[in-house]
Amino acid sequence: MRRRLNQWADASKILNAMVVLGFVIAFMVSIFSCQEYYIGKSEEELAREMFEVDSLISKIQFMIDSLEVDGTKVWQDH
């Protein structure tokens with residue numbers, strides 16, 4: 001009889017540990033689900049940098065067009 005009670009006591013400790021672990025995991029999940037994660041840069045920063053790169057490409061294209069460089073001429077030193 002005593003052996004059976006000890007087995008139930010051991011099972012009770014395991015169940016208590018599982019319940020506590022479940023609450024801890026649920027608490028961690030609830031905290032992390034309320035956070036917004038950005039790996040690297042935010043969408044706003046990425047949009048700003050894309051706009052800067054696009055404007056730089058436009059300026060370079062304008063400079064190339066104004067110099068009438070079409071890729072067939074070779075630069076020569078005079």
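These numbers come from a predicted model, not from an experiment.

It is not clear to me how the overall build of the protein should be interpreted in this structure. Could you clarify?
Looking only at helices and strands, one finds two helices and zero strands in the protein. On the protein, roughly 8300 Å² of surface is accessible, and the fraction owed to carbon and sulfur atoms is 64%.

How should I be thinking about a nonpolar patch on the surface in this particular structure?
On the surface, Val-20, Val-24, Phe-27, Met-28, Ile-31 and Phe-32 cluster together to form a nonpolar patch covering roughly 550 Å² of accessible area. For Phe-27, the position within the fold is in helix 1 (residues 2-33).

So what exactly am I meant to see when it comes to the pattern of salt bridges here?
A full pass over the atoms with the stated rule returns one salt bridge. In this structure, Glu-44 engages Arg-48 in a salt bridge whose closest nitrogen and oxygen atoms are separated by 3.9 Å. Linking Glu-44 with Arg-48, this pair stays in helix 2 (residues 43-67), spanning four residues, or about one helical turn. Here Glu-44 falls in the exposed class, since its relative accessible area comes to 61%.

Which parts of the structure should I look at to understand the environment of Ser-30?
Summarising the element assignment, Ser-30 is placed in helix 1. Within the structure, the side chain of Ser-30 is placed 2.7 Å from the backbone oxygen of Phe-27, a separation counted as a polar contact.

About the thresholds
- Residues numbered from 1 in each chain as written.
- Predicted model: local features only at pLDDT ≥ 70, side-chain atom pairs only at ≥ 80, totals over all residues.
- Heavy atoms only, no water.
- Helix = DSSP H or I, 4+ residues; strand = E, 2+ residues; numbered from the N terminus.
- Areas by Shrake-Rupley, 256 points an atom, 1.4 Å probe, with all protein chains shown as cover.
- Patch = residues over 30% accessible without salt bridge, like charges linked within 9 Å, V, L, I, M, F, W, Y side chains within 5 Å.
- Salt bridge = Lys/Arg side-chain N within 4 Å of Asp/Glu carboxyl O.
- Buried < 20%, exposed > 50% of the residue type's maximum accessible area, 1.4 Å probe, protein only.
- Polar contact = N/O pair within 3.5 Å; in protein donor to acceptor, adjacent residues only side chain to side chain.

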